[in-house]
Amino acid sequence: MPLRAEVLVVGAGLAGLSAATRLADAGLDVQVLEAYGHVGGRVASERIDGFVVDRGFQVFNTGYPRAADLDLPALELGCFERGAVLRVDGRAHRVIDPRQRPTAALGTAAAPLGSLREKAALVAFSLRAGYSPVGFLLRAPEETAERALRSAGVGAAAVERFLRPFLAGVLLEDQLASSSRYVDLLWRSFVRGATGLPADGMQAIGEQLAARLGTGRVHLHTAVRSVHPGSVVTDDGTWRADAVVVATDPVTAAGLLPAVDATAPRQVTTHLHVLPESPWPTPLIVLGQPGGRLVNSAVVSDAQPRYSPDGRALVASSTLDPTPEAEVRGEVAAAHGVSPSDLEHLTTVTVRGAQPAALPPLQLRRPVDLGNGLFVCGDHRDTPSIQGAMASGARAARAALGALRRPGPPDHRSAG
Ligand SMILES: Cc1cc2nc3c(=O)[nH]c(=O)nc-3n(C[C@H](O)[C@H](O)[C@H](O)COP(=O)(O)OP(=O)(O)OC[C@H]3O[C@@H](n4cnc5c(N)ncnc54)[C@H](O)[C@@H]3O)c2cc1C
């Protein structure tokens, strides 16, 4: 194997694969070195007893600008309804986006989310995030999400019963301490898109990007030990290249590149259970309740029936702290209105280093060109999300093409 390429990409997560596909489209000889045995990085899936199990509850949002880089029909997404179920005093209330299901509007209007004025403030917050230009949202004064919601007039009931648990499942923190600007961007993608699961699991996203590279360009089980201008060192030898793009997780990137300062402090634990059948008529995420340990619980096979081999229901329930299954089983059962003994435990996964924090001040578009032919991308360069990872990969590819003085591919996919 010739240990030489025009560009080496270190890491086959969504950032690295986004960079690599653009560089390959521009005609460069790109080789991707990946430490583990699969592509997609943190967006990983496996099969357990025939069920598709993602590594933690994760969803793809079609409202992300970088969704344009993917062949969405080929992913065969199965989508959740836009909204959520919240439980108050044991009773389930379905809060559903009336644009999707006008017949649910009355039920949603009657949900216990505060006074009419407070509900109107929640709608106004959604409309502003969903339909204002991105530049307007990014110029708005920045504060914590909690302060921004309060000053938008969103009341305590809507925050505690709906927004806090809903956003905790995405931000992986429940203090609403994240940047109001990031929450605006996130909410925008929820208003504009649907959240779904590919038929073969979330890992199919990375596999689709990797397939575009053709065979022989992704080298699995090849951990990079050190990075230098023009070369990288692996256990199998030293690779040489005109440019190196480091697309690892934040902590590894900071170890390989002294100029990079990045961490991924957020963590999440997801418990997977099987039920004989789904207790719900439609696919909706059930939110955790104030004072409880669950942030959310969802029958993922309602959204994507192909996650189940035989029609039984697959339930994914997440907590921010690592929790033993026995401690949350009762809460999971209550969320779905079933008996704890109905739940068959399939597996539990705790993901540490799940994603970077997005505290104010939000640092979007952190530098990707470190000079001397070294580039860096990953969710720590943009936002802690699939969108952030893919956008940073696109930026790193453009920077590398510029440095190597190569024109980019026709850009129907400019970075978001
Ligand atoms: C449980 C969980 C749920 C999530 N849910 C969502 C969600 O619903 N929606 C959303 O938008 N985002 C979600 N995220 C965040 C999103 O998955 C990440 O922000 C994004 O996937 C990061 O991609 P990346 O390419 O930057 O990094 P990674 O996915 O970490 O990719 C880095 C790659 O580099 C490889 N690597 C590391 N070290 C080396 C080395 N020394 N040599 C070679 N290769 C190396 C790794 O093995 C990995 O493949 C979730 C994350 C987790 C963990």
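This section reports on the structure supplied with the text. Bear in mind the structure is a predicted one, so any value in this text is a computation, not a measurement.

Of regular secondary structure, the protein chain possesses 13 helices and 20 strands. At 22 Å, the protein chain has a C-alpha radius of gyration in line with the 22 Å of a compact globule built from 416 residues. Split into buried and exposed, the 416 residues of the protein chain put 50% on the buried side.

This brings us to the pairing of strand 17 (residues 313-319). Within strand 17, seven of the seven residues are buried, leaving the element largely enclosed by the surrounding structure. Side chains of strand 17 alternate between two faces, with Ala313, Val315, Ser317 and Thr319 and Leu314, Ala316 and Ser318 buried alike. As paired strands, strand 16 (residues 294-299) and strand 17 are joined by five bridges and run antiparallel to one another. Opposite Asn296, over in strand 17, you have Ser318 as the bridge partner.

The local shell around the ligand holds 35 residues, among which Gly11, Gly13, Gly41, Gly56 and Gln58 are the closest. Mapped by element, the contributors of at least two residues to the shell around the ligand are helix 1 (14-25), strand 18 (344-355) and helix 13 (386-403). Across the shell around the ligand, the residue classes break down as 18 nonpolar, 13 polar and four charged. In terms of domain composition, the shell around the ligand takes at least three residues from each of domain 1 (4-43 + 202-263 + 360-403) and domain 2 (46-69 + 266-355).

Now for helix 9 (residues 203-212). Most of helix 9 sits inside the fold, with seven of its ten residues counted as buried. Looking at helix 9, one finds that the buried residues are Gln203, Ala204, Ile205, Gly206, Gln208, Leu209 and Ala210. Contacts from the buried residues of helix 9 go to helix 1, strand 3 (45-48), strand 5 (60-61), helix 2 (72-75) and strand 10 (218-219). Just downstream of helix 9, Gly214 is the residue with a positive phi angle, here 80°.

Quick notes on the rules
Residues numbered from 1 in each chain as written. Predicted model: local features only at pLDDT ≥ 70, side-chain atom pairs only at ≥ 80, totals over all residues. Helix = DSSP H or I, 4+ residues; strand = E, 2+ residues; numbered from the N terminus. Rg over C-alpha atoms; globule rule 2.2 N^0.38 Å. Buried ≥ 20, exposed ≤ 12 C-beta atoms within 10 Å, placed from the backbone. Pairing = 2+ DSSP bridges. Near = placed C-beta within 6 Å. Nonpolar A, V, L, I, M, F, W, Y, C, P; charged D, E, K, R; others polar. Domains from an automatic or database assignment. Contact = placed C-beta atoms within 7 Å.

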